[in-house]
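# Structure at a glance
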Amino acid sequence: VQLQASGGGLVQAGGSLRLSCAASGRTFSNYGMGWFRQAPGKEREFVARISWSGGYTYYTDSVKGRFTISRDNAKNTVNLQMNSLKPEDTAVYYCARRSSSAYGSGKSPNEYDYWGQGTQVTVSS
């Protein structure tokens, strides 16, 4: 399984970016997916996750109402639409596949077994 994240860049506060994660393999639609981010000097933190069908989504409080996670199982992609960006959203963003054996809330990196390489998002004030 390979995950390729893209779409990062430099944007002014209040702007928008759309991240995409392309997955290889035939079983993409069987797994939940998540987005995490890591700012310099900080631990990797949960941003959002989506169920295998797309019918369930969950966000960390700081991005609720601003970010939207979605997926297209026909195209093996998961997306993160980020609006009203703030400087504190600056980080490297990672997509990840949730392990089939995971049983927690979906917020721990330990519940994910495959990770993309990350894409840098920088929000200027």
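The structure under discussion appears in the preceding block.
What this report covers is the structure whose coordinates are included nearby. Quick caveat, the model's predicted, so the values are computed rather than measured.

### Quick look at the sheet that holds strand β7 (residues 67-72)
- One open sheet holds the four strands; their spatial order is β1-β3-β8-β7, and the pairing between them is antiparallel. At either end of the open sheet lies a strand with only one pairing partner, and these are β1 (3-6) and β7. For this sheet, the mean inter-axis angle between neighbouring strands, taken without regard to orientation, is 15°.
- One ladder, built from four bridges, connects β1 with strand β3 (residues 17-23); its direction is antiparallel. Within β3, the position partnered with Ser6 by the bridge is Ser20.

### Concerning the pattern of salt bridges
- Under the defined criterion, the tally for this structure stands at six salt bridges.
- Arg66 is the partner of Asp89 in a salt bridge, and the nearest nitrogen-oxygen pair spans 2.7 Å. In this pair, Asp89 sits in the loop between β8 (77-82) and β9 (91-98) while Arg66 sits in the loop between β6 (57-59) and β7, placing the two residues 23 residues apart along the sequence. In terms of burial, Asp89 and Arg66 fall into one category: buried.
- Overlapping salt bridges bring together Arg37, Glu45, Arg66 and Asp89 as one network.

Rules used in this analysis
- Residues numbered from 1 in each chain as written.
- Predicted model: local features only at pLDDT ≥ 70, side-chain atom pairs only at ≥ 80, totals over all residues.
- Heavy atoms only, no water.
- Pairing = 2+ DSSP bridges.
- Helix = DSSP H or I, 4+ residues; strand = E, 2+ residues; numbered from the N terminus.
- Axes fitted to C-alpha atoms, helices over the stretch in contact; angles between N-to-C directions.
- Salt bridge = Lys/Arg side-chain N within 4 Å of Asp/Glu carboxyl O.
- Buried < 20%, exposed > 50% of the residue type's maximum accessible area, 1.4 Å probe, protein only.

Bear in mind that shape data such as this cannot, by itself, settle questions of function.
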